[in-house]
Structures are given as structure tokens and as C-alpha cells.
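Structural overview for review
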Amino acid sequence: MKKISTGRQILSQLALAGVGLFVAAPLLNLLGIAFDDSLQGPPLEFHLLPRQFGLAGFTTAWESPAQGLPFVVFLKNSLFIAGGAAVLAVILGISLAYAFARMRFAGKRVGLFALLVGSLLPPIALIVPQYVLLTRLGVRGSQLGLMAVYTAIAMPFCVWNMRAAFLAVPSEVEEAAMVDGADAKNTLWRITLPLALPSIGVAALIAFLVGYSEYTLAWLLIDKGENVTLAMALSNALGQYTVSWNILSALAVMMTAPVVVIFLALQKFLLDSYLFHTGLRQE
Amino acid sequence: MLGAPQNASVICGCSIVNMLTRGLNTFLRSRAGRLAVIALVILLALATRQRAVDLLPIDYDEDDYLRAAQQYQEAIRAGDWARLTELNYRPEHPPLAKLAFGLAIAHLPETDEILDRDTSAPPVNVLPYPHYKVARNLAAALGTAQVAVLALLNPLAAFFLALNTYNIKYTSQIMLEALPSLTSAVCALAYLRYRLTRRRGWLALSAIALGMTAASKYLYVVAGVAILADWLIWIWQNKTGRRRELLRVVMWGAAGVAVFFLCNPYLWPDPITRLQSSVFYHAGYADSEHVKEAGLTAGNVLARLFTPFIQRNVFLIALEPIVFLCALFGVAETWRKQRVMALWLAIGLAFLMAWPTKWPQYQLVLTLPLSVMAALGARGLWRLVAPSAQPAASKEKPTLRDTLRATPFLLPGLIALGVMALFPILYQLAMSLTDFNTSFGSFRDGLTGGVWREVVAGLTGQKDAVPFNPSFTRGFQRPDTVSYIALQGYLAVLGNGLVAALAPLNMLWAVVSVAGQTGLGVAVALTLNQRGLKFANVWRALFVIPWAVPEFVGGMVWQNLTNPKFGVLSSAPESLAQSLLSLFAAPLAAAWLGFPIIMLAASAGLSMISREALEAAQVDGATRWQTTRLVVLPMLTPLLAPAIIIRGILAFNQFYLFQAIDSPFYTLAAASYDVFQPSRQGLIGISSALNILIIAILFVMVGVFNKKTAT
């Protein structure tokens with residue numbers, strides 16, 4: 001493919017700058033509020049820059065955002081629960097996705113949609129059934145119970161995403177491996193999986209975010225302060241009308257930052273088509 | 001296909017259901033089948049209207065129009081034909097529809113004239129019997145005739161019209177709507193026949209019907225305006241015979257005016273003055289206090305398109321939301337195939353929204369073209385979901401061995417999903433059949449097995465359904481235990497006006513918000529994918545950030561940014577821009593939150609499309625835009641479909657966003673939460689029925705989308 005011309009380069013950069021403004025404006029607004037020490041409650045007028053620049057919001061949000069516990073505890077809980085759910089969803093879903101992409105079995109067409117049915121329920125509809133189920137399983141109130149719930153919510157989406165990724169891998173590549181004597185498991189593990197890795201990474205991050213930002217179910221299923229997640233802490237703070245919005249915004253910034261970091265760290269790996277192309281060229 | 005030898009396994013796969021479907025199809029396409037369908041629709045129209053005649057309470061204005069009919073009755077019985085030119089009670093409306101009521105009751109004995117009261121007076125309790133029934137029956141017969149006329153054009157549209165609650169109501173009462181509804185339908189359909197056959201006889205019929213329409217109620221002339229517009233567009237598009245055709249337009253109009261005059265004896269003695277006072281009455285009335293007090297807005301007119309008229313026990317089924325959705329789907333098709341109907345709806349809607357008087361009966365101007373549009377839309381939708389005629393014989397059925405080989409791959413995921421995802425649905429279904437709620441006794445009983453106990457007992461017939469108060473309000477006596485209520489919860493949900501109003505809006509929201517996210521996401525991904533683009537990684541790193549922001553934080557920030565009082569544009573003049581911005585806060589926030597995932601999925605997809613295909617296209621001389629449109633997007637669509645489906649499901653059930661943003665509209669999921677919440681209604685069972693409804697709607701939407709994008 002040809003490289004783009006200079007005119008096109010400029011046009012593209014201008015368009016991207018427009019989108020950049022749309023993306024950045026709310027983020028800057030959030031940062032501006034987070035650094036504004038003059039706030040007592042919600043902001044009552046709009047300011048481009050903080051009126052009284054300070055770090056009080058961040059120090060409070062760091063030391064004790066909710067439940068009298070430090071930020072680190074909530075972050076740890078969130079990373080454990082949401083991360084665990086993402087890993088579980090991908091691991092449990094990967095063979096399912098592969099089977100739906102590559103294998104033949106009875107009820108395949110119906111099954112693919114049946115997988116989604118569970119995810120069609122609005123999240124809040126899960127409150128009572130999961131309460132009953134987790135009580136029966138004896139894990140209600142524990143972090144593992146919440147992790148299981150998030151896994152169930154995220155898994156169908158994961159399966160669909162990963163199935164599409166597997167479908168996109170040319171089947172000739174797999175057939176070649178089969179001819180060379182690899183069995184189905186080995187082909188999946190050594191050939192298909194690496195090629196589909198970018199999309200699987202995206203699926204995992206989507207699954208992670210389901211658990212990372214959910215709070216309604218969590219408030220019902222978690223009953224100890226030490227198990228509270230970041231999203232729960234933030235929603236709790238948002239519900240209290242007396243809270244200063246610099247603390248609230250600082251907490252939102254601090255909650256968002258780890259995800260941004262995770263993504264930026266993985267970005268090159270996720271979107272680099274290196275794996276894919278070397279995989280093809282070696283044929 | 002016909003000559004090919006039939007594969008034995010295909011015949012086996014072709015079940016009885018399939019054969020029945022094919023047989024039914026053949027029957028419906030035959031002349032007898034079509035007639036049978038039309039007869040059924042007419043019977044349905046008659047039945048619904050007769051039921052309404054019997055059950056509807058006496059409404060505003062019915063006393064006035066029956067009083068007018070009494071005056072005509074008296075004159076007709078006395079043979080005093082000259083008096084007809086002087087009679088016109090409620091002179092703001094032309095006399096034909098009132099005269100028709102007078103003719104209908106002419107054979108009955110005369111009774112004392114009904115009291116002359118102010119037009120805005122509340123409904124009376126009693127009207128002379130059987131006069132009032134006879135007059136209502138005439139309206140119902142005319143209403144049924146309207147459905148019958150439409151059934152000749154399109155039986156499905158007639159079916160929708162037959163069940164439209166506004167149509168049923170106002171063509172079953174002593175209102176002026178029934179006659180002009182019928183004549184305007186005749187007017188439009190005769191015009192369509194003329195366009196098809198070029199016979200002038202049809203044109204004459206159309207003109208007669210037009211005149212009668214105007215002589216019954218002015219508003220319905222909207223149909224004539226639509227015909228005129230459609231006709232002129234057609235003449236403008238055709239180069240030949242313009243002169244002759246324009247002459248016919250003039251003749252048609254003149255004949256219409258002549259018939260109007262003939263059918264309007266009140267005008268005969270003094271045409272100009274009486275016509276003036278009758279027409280100008282409406283402008284004055286539109287400004288009157290009575291109209292202002294009603295406080296009806298353009299929003300009410302729009303809302304009536306998809307919300308049924310609620311009158312318990314009179315209307316058994318409310319198809320309005322479904323009809324409206326089908327109609328949305330059929331807009332383009334209607335414009336192509338039945339433009340006069342599209343124009344009728346558009347002009348009627350524009351007029352009703354602009355004109356200050358917006359009584360609910362005016363809706364009948366819109367229901368016929370809306371039904372046609374919905375019928376065309378429904379046919380298009382059916383084509384999307386219907387199984388294709390050709391059996392997929394190319395793929396062999398999977399053998400038991402195939403299935404066994406796949407089992408180890410399927411099992412771990414299925415077990416996990418079965419426990420964690422299937423159980424909630426089953427439990428949801430069970431709860432939806434009970435009156436489970438958050439009052440202390442019921443909650444305790446339900447959580448400790450009461451739901452299963454009741455549902456099992458109810459479904460096995462050991463227990464009858466307990467009558468359930470279907471109102472969504474709090475405060476009725478709540479029992480201490482859970483009880484089986486069968487499908488009453490679903491009836492309560494389906495009959496609820498809020499649910500009926502939210503359902504189509506909710507679907508619209510899902511479609512619009514996902515379309516926005518996808519458009520922006522794909523455009524950005526394509527831009528970033530250009531070879532040699534500078535700073536691509538920097539931009540991508542920035543664009544992905546909103547995705548990492550939890551939904552309710554994003555909602556919170558956008559709410560803050562777009563707040564009319566102190567948002568980013570609050571200093572703009574008159575704050576018009578600001579109020580627009582706050583109106584679009586929810587879709588903007590949704591696009592902001594959602595586009596990064598689509599961008600990522602599109603980027604990942606683009607990295608999988610082989611460069612060879614693109615290079616081959618460019619070698620063949622395709623421009624960049626052609627390559628994108630013809631090579632890249634078709635390859636990208638199946639890769640993006642899962643992401644779009646997921647975003648669609650999340651958008652349909654969007655909840656946290658609407659917790660953070662003040663929006664005049666919210667999703668069914670949010671409504672379900674309100675029903676569920678202990679501090680609101682606390683009706684868990686009803687909320688479950690609503691959730692099952694949500695699943696059903698989403699399932700259809702996902703199926704349609706998947707079928708459209710599947711390669």
C-alpha cells in the first residue's frame with residue numbers, strides 16, 4: 001500500500017484533532033475539578049481551569065475515600081475481582097469460542113445465540129437470582145462470589161469476540177498444521193491462539209471493565225467493608241450529596257488511571273500485527 | 001432447482017411444520033385465500049368496534065352531535081327539507097357527518113332534544129336510547145368500512161388499522177371522525193387506482209370522496225393535500241402529457257369543491273359568509289383558553305403514534321408500539337412504493353404538531369397512512385428474519401462423532417455458563433409468574449424457596465392463580481407470602497402506558513447510539529490505519545481513554561459539562577446551544593464511552609485483513625475510497641459484528657448512564673429497576689416480567705442484526 005500524501009496527512013491530522021477535542025474535553029473538565037480545592041459540593045459554575053489549584057482532593061481520595069479505608073485496599077479488591085473475572089472468562093470461554101468457530105456439532109447455530117441469552121438480562125435483573133444462588137453455594141459476601149458473577153456476565157461477550165477472532169484466522173494455516181501431524185488441541189494452542197491474540201486481548205480487557213465499573217450488584221453481594229471495590233466506593237461517594245466534587249473527581253481519575261496504564265502498556269502488543277504477519281509469511 | 005433430484009435427507013429435514021408453512025403460503029397467495037384474509041380482517045374490525053360501542057363510556061361532544069342529529073331527524077320526519085339548509089348545530093364543523101347521524105336515527109321515534117350545553121362541558125351520563133346506540137353503530141359501520149377499503153389495498157395495513165385503539169375508540173362513538181376517515185381513505189385509494197388504470201372514473205370517485213371529506217370535517221382534507229403533492233411530483237417527473245394531466249388536477253379539485261358544496265346544504269342560502277364563519281371559528285378556537293388549558297403539545301401528537309389509548313377492558317390488545325416500530329422500518333419503502341401515504345403522514349403530522357388544537361381524535365388523520373407504512377415495514381422485517389426458501393443442503397449435518405469430538409471443548413464453558421447464567425434466567429421466569437415483592441413477609445418467603453414452591457404448584461395445577469392488582473402503585477395490601485399469579489404480571493407490563501412508550505424509544509436509542517459509536521469508531525480506525533500516518537500511536541492512546549472510564553463516571557462528567565446552568569456553553573447567548581447540548585448529553589456520552597471499543601475492534605480487524613487483498617485492489621486501479629468501501633468494509637463487517645452486537649445489548653440495557661444524566665427518556669432496564677427498588681414499588685415479580693420482555697425484544701433485534709451482517 002502506498003504511503004499517504006502530505007495533503008492527506010494534514011487532513012487526517014485535523015480530523016483526528018477534532019475527535020481528540022471531543023475525547024479530551026470531558027477528561028480535562030474532570031481533571032480541572034479534581035485539582036480545584038475551592039469546591040465544597042458539586043461545581044456550580046463552569047471554569048476552564050481550577051480556581052484554587054491544590055491536591056486536597058487527591059490526598060483525601062488516597063487516604064480514605066470511603067468506609068474509612070485507604071484507596072489501595074479498594075484498588076486491590078477491584079483488580080483482584082475484575083482481573084480474576086477477566087482471566088476466568090477468557091480461559092473458560094476460549095475452548096468454547098474455538099469449538100463454535102471451527103468444529104461441527106449438533107445445536108451449534110442455536111447454541112451461539114443461547115450463550116447470549118444470559119447477557120440479555122439487564123445487570124440489575126441479576127440481583128435476586130445471584131443472591132439466591134451465591135447463598136446456596138455459600139460464597140455470598142466473598143470476593144470469589146462477586147468474581148463468579150462478573151465472569152458469567154462477561155463470558156458470553158468474550159466467547160463471541162474470540163469466536164470472531166478464530167474465524168478470521170485462515171483455516172488453511174490450521175489445515176497445514178494438521179497435515180504436519182498436530183492434533184486439534186495443539187493446533188489451537190500453537191497456531192490459532194497466537195494469531196488471534198490481539199482480539200483475545202481486547203476481549204479480556206472488555207471483560208475486565210465489566211467487573212471494574214459495576215457497583216449495583218456488588219453492593220448487594222458484598223457485605224464487608226474490606227471487600228468493597230473502587231466502583232462501589234465511587235458510587236457511594238456520588239450518592240452522598242455533601243461530598244466535595246474535587247474528592248469525587250480525584251477518585252474517578254485515580255480509578256481510571258490504572259486502566260489507562262494497563263492499556264497503554266499493552267497497546268503495542270495488542271495492535272501490532274507483527275505476530276500475524278510473521279505467521280503468514282513463514283508459510 | 002426444480003429438476004434436481006431430491007436428496008432423501010433434505011426431505012426428512014423438511015418437517016411437517018415446513019410443509020404446513022408452504023401450504024399456507026400457497027393458500028394465502030390464491031384469490032380465495034386473499035378474500036378469506038380480507039374477510040377475517042373486516043370481521044376483526046367489526047368485532048373490536050362493536051365491543052367499543054357497547055363498553056365505552058359516553059365521551060365529550062357525543063351529546064352535541066346526537067343533538068344535531070335530533071334536529072335533522074325532526075326535519076326529515078316532518079318532510080321539511082328547507083329546514084336542512086338552516087340547521088347546523090356546532091356550526092364550526094360542516095354538516096355532512098351530523099346529517100348522516102340524523103338519517104340513521106330518522107326511523108326512530110322523536111325524543112326531547114338534548115340540553116344545549118357549552119362545547120367544553122364534561123360528558124353527560126345518559127343519552128336517549130336507542131338513538132345513541134344506533135348513532136354509535138353507524139359510526140362503527142363506517143369505521144369498519146374504512147378498514148375494508150384499506151384491506152383491498154393491503155390486508156396487513158387493514159389489520160393494523162382494525163386494532164388501532166384511537167381508530168376503534170373514535171369510530172365507535174358519536175364523533176365526526178368515522179365518515180371523513182372513510183371518505184378520505186376512498187379518496188386516496190381511488191386516486192391510486194387511477195394512477196394504475198388511467199381510468200377517469202376512479203378520478204371522479206376520488207373527487208366525490210374528497211368533497212364529502214371536506215363536508216364532514218375540514219381536517220381530513222390533509223389526504224387531499226397529500227394526493228395533490230404526490231400528483232404534482234409525478235407530473236413534474238414525467239415529461240410527456242403534462243398539460244393534460246394538470247388539467248385533470250384542476251378538474252379533480254373543482255369537482256371536489258362542487259361536491260363539497262352539494263353535500264353542505266347549510267351553505268346554500270349564503271355560501272360566503274357561512275363558510276367564512278365556519279372556517280375562521282377554528283383559528284379563534286385554537287387561541288382559546290379551553291385549548292390552552294388542555295396543555296397538549298407536539299410531543300403528545302408524536303407520543304400518540306406509539307402509545308395506545310388506555311381504557312381497561314375495552315381494547316384487548318395494543319399493537320401501537322409494534323406498529324410504530326414497523327412503520328419506522330418502512331419509511332423508505334413507503335416513500336418508494338406508496339409515496340402518497342408517506343406524504344399524507346408527513347403533512348398530517350406537520351399540521352397537527354403546528355396547529356394549537358391537538359385533541360386526541362385528530363390522530364385518526366394519521367392512523368391510516370401509519371398503518372400502511374407499518375405494513376410495508378413489517379414485510380421488510382419479515383424478509384430479514386424469515387428462513388430462506390432454499391434449504392442449506394450444502395453443509396452436511398454434524399454426526400454424533402463430530403459432536404463427541406467437540407464435547408471436551410464445549411464442556412468447561414457450558415458448565416460455568418449453565419450455573420451462572422442459565423439459573424438467573426430460569427429464576428427470572430419463575431419470579432415473573434409470582435407476586436414476589438419487597439414487603440418483609442413476601443421477600444423472606446421468596447428468598448427461602450417460596451418462588452419455586454408457588455410456581456411448581458401453579459404450573460402443575462395444584463393451585464389456582466391468585467388475582468393480582470395490576471396497578472404499579474404502592475400501598476395495596478401485600479400478602480405475607482409469595483403467590484402464583486400466572487401471566488397477570490405480563491399483562492400488567494404489556495398494558496402499562498410507560499412501558500409501551502419506552503419500548504420503541506428504547507430500541508431507537510440502542511440503534512442510534514450504536515450507529516454513532518460504530519460510525520465514529522470505524523472512521524477513526526480507518527484514518528489511523530493509513531500507512532505513514534504520523535502520531536498514530538499517540539492518537540490511539542488518547543482515544544482509548546474514555547473506554548477505561550466507568551460508565552457512570554462518564555455520565556457524571558458529561559452531565560456536568562452539558563448542564564444548562566453551569567455547563568461549558570452556559571454563557572452562550574440565550575443558552576440555546578446549551579439547552580441543545582443538554583438534550584444530547586446522553587447520546588454524546590454514549591458515543592464518547594462506546595466508540596473506543598469499536599475503534600479497537602476495527603483496528604484489530606484491520607490488522608487481520610491481509611495487505612495482499614488491498615494491494616491487489618489498488619493495482620487494479622481502485623481509488624482509496626473504492627478500496628475501503630468494496631474491499632475493506634465487507635471484510636471488516638463480520639469481524640465487527642460481535643462488538644456491535646455487544647454494544648447494542650449494553651446500549652439497550654444502559655442503566656448507569658441514566659443514573660448519572662438527567663434525561664427525559666430512559667431505558668426499560670432503568671424502568672425495571674424503578675419497579676424493583678424497595679424504595680419505589682418493590683414489585684420484584686413485575687420487574688421480572690419486564691426483564692423477560694427485555695430479553696424477548698433484544699433476542700429479536702440481535703437475530704435480525706446477525707442475519708443482516710452474516711456473510
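Throughout, residues of each chain are indexed from 1 in the direction in which the sequence is written. Both sets of labels track the order of writing: A upward for chains, 1 upward for ligands. Totals for whole chains, interfaces and linings use all residues, but because this is a predicted model, local features are given only for residues with pLDDT of at least 70 and pairs of side-chain atoms are given and counted only at 80 or more.

**Things to note about the overall build of chain B**
Keep this limit in mind: A run of H or I in DSSP becomes a helix once it reaches four residues, and a run of E becomes a strand once it reaches two; helices and strands are each numbered from the N terminus. Exposed residues have 12 or fewer other C-beta atoms within 10 Å of their own C-beta, buried residues have 20 or more, and partly exposed residues fall in between, where C-beta atoms are placed from the backbone. The contact rule is simple: place each C-beta atom from the backbone, and if two of them lie within 7 Å, those residues are in contact.
Helices and strands together make up the secondary structure of chain B, namely 33 helices and zero strands. Residue burial in chain B is summarised as follows: out of 711 residues, 45% are buried. Here the analysis covers contacts within chain B between residues at least 6 apart in sequence; of these, 78% occur between residues at least 24 apart.

**Considering the overall build of chain A**
When helices and strands are tallied, chain A shows 12 helices and zero strands. The buried share among the 283 residues of chain A stands at 48%.

**So, the interface of chain B and chain A**
Quoted interface sizes are often the accessible area lost when the parts come together. Formally: When residues are grouped by polarity, Ala, Val, Leu, Ile, Met, Phe, Trp, Tyr, Cys and Pro land in nonpolar, Asp, Glu, Lys and Arg in charged, and all others, Gly among them, in polar.
Facing 84 residues of chain B, the contacting portion of chain A comprises 80 residues. For the side of chain B that touches chain A, the element with the most residues is helix α20 (residues 400-432) of chain B, which contributes 20 residues. Looking at the side of chain B that touches chain A residue by residue, the class counts come to 61 nonpolar, 15 polar and eight charged.

**Let's talk about the packing of α20 of chain B against helix α33 (residues 684-709) of chain B**
Residues and elements named next belong to chain B. Inclusion rule: Only the stretch in contact is used when fitting a helix axis, every axis being a line fitted to C-alpha atoms; angles between N-to-C directions are given from 0 to 180 degrees. Note that the term roughly parallel is reserved for angles under 35 degrees, roughly antiparallel for angles over 145, roughly perpendicular for angles of 65 to 115, and oblique for everything else. Take the far helix as the reference: if the near one is turned anticlockwise from it by less than a right angle, the crossing is left-handed, and if turned clockwise, right-handed.
Where α20 contacts α33, the two axes come as close as 7 Å, and the packing angle between them is 125 degrees. It follows from the interaxial angle that α20 and α33 lie oblique. The chirality of how α20 crosses α33 is left-handed. Here α20 contributes Gln428, Leu429, Met431 and Ser432 to the contact with α33, which in turn contributes Ile684, Gly685, Ser688, Ala689, Asn691 and Ile692. Among the residues making up the contact of α20 with α33, the classes are represented as five nonpolar, five polar and no charged.

**Here's the deal with the packing of helix α23 (residues 497-528) of chain B against helix α30 (residues 624-652) of chain B**
All names here are of chain B. In contact at an axis separation of 10 Å, α23 and α30 are set at 140 degrees when each is read in the N-to-C sense. By the angle between their axes, α23 is oblique relative to α30. Note that α23 runs across α30; the crossing there is right-handed. Of the residues in α30, those in contact with Asn506, Trp509, Ala510, Ser513, Val514, Gln517, Thr518 and Leu526 of α23 are Thr628, Ile644, Arg647, Gly648, Ala651 and Phe652. Of the residues in the contact of α23 with α30, the class split is seven nonpolar, six polar and one charged.

**Description of the nonpolar core**
All names here are of chain A. Note the threshold: By definition, a nonpolar core groups buried Ala, Val, Leu, Ile, Met, Phe, Trp, Tyr and Cys residues that are joined through C-beta atoms within 7 Å.
Ala154 and Ala207 are the most contacted members of the largest nonpolar core, which has 297 residues in total. For this core, the leading source of residues is helix α6 (residues 143-168), giving 18 residues. Apart from residues lying up to four places away in sequence, Ala154 is in contact with Ala85, Ala86, Ala89, Ala207 and Val210.

**Notes on the environment of Val514 of chain B**
All names here are of chain B. Structurally, Val514 can be placed in helix α23. The class of Val514 is buried, set by 25 C-beta atoms lying within 10 Å. Counting along the chain gives 80 residues from Val514 to Gly594, while the straight-line C-alpha distance between them is 7.9 Å. Leaving out residues up to four positions away in the same chain, Val514 has contacts with Ile644, Arg647, Gly648 and Ala651.

**A few points about unusual backbone geometry**
Residues and elements named next belong to chain B. For the bond running from Tyr129 to Pro130, omega is 5 degrees, close enough to zero to count as cis. Assignment of secondary structure puts Pro130 in the loop between α5 (96-104) and α6 (131-153). The backbone of Asp61 sits at a positive phi, close to 70 degrees, despite the residue not being glycine. One can find Asp61 in the loop between α3 (31-55) and α4 (62-78). Assessed through the 19 C-beta atoms surrounding it within 10 Å, Asp61 is described here as partly exposed. Although it is not a glycine, Arg90 sits at a positive phi angle of roughly 55 degrees.

**Things to note about the confidence of the model for chain B**
As a reminder, the rule being used: Per-residue confidence from the predictor is given as pLDDT, running between 0 and 100.
Looking at chain B, pLDDT values average 83 and 90% of them are 70 or higher. Low pLDDT, under 50, characterises residues 1-14 of chain B; the stretch is placed with six contacts to residues that sit more than four places away or in other chains.

**Observations regarding the environment of Thr213 of chain B**
Residue and element names in this part refer to chain B. Note that Thr213 resides in helix α10 (residues 200-216). Spatially, the C-alpha atoms of Thr213 and Ser181 are 7.8 Å apart, while their sequence positions differ by 32 residues. Beyond its immediate sequence surroundings of up to four residues, Thr213 is in contact with Pro180, Thr183, Ser184, Cys187, Tyr220, Val221, Ala223 and Gly224.

**Observations concerning the environment of Leu142 of chain B**
Residue and element names in this part refer to chain B. Relative to the assigned elements, Leu142 resides in helix α6. Put simply, Leu142 and Ser172 are 30 residues apart on the chain and 9.1 Å apart in space, counted from C-alpha to C-alpha. The contact partners of Leu142, leaving out residues within four places of it in the chain, are Thr171, Ala178, Leu179 and Leu182.

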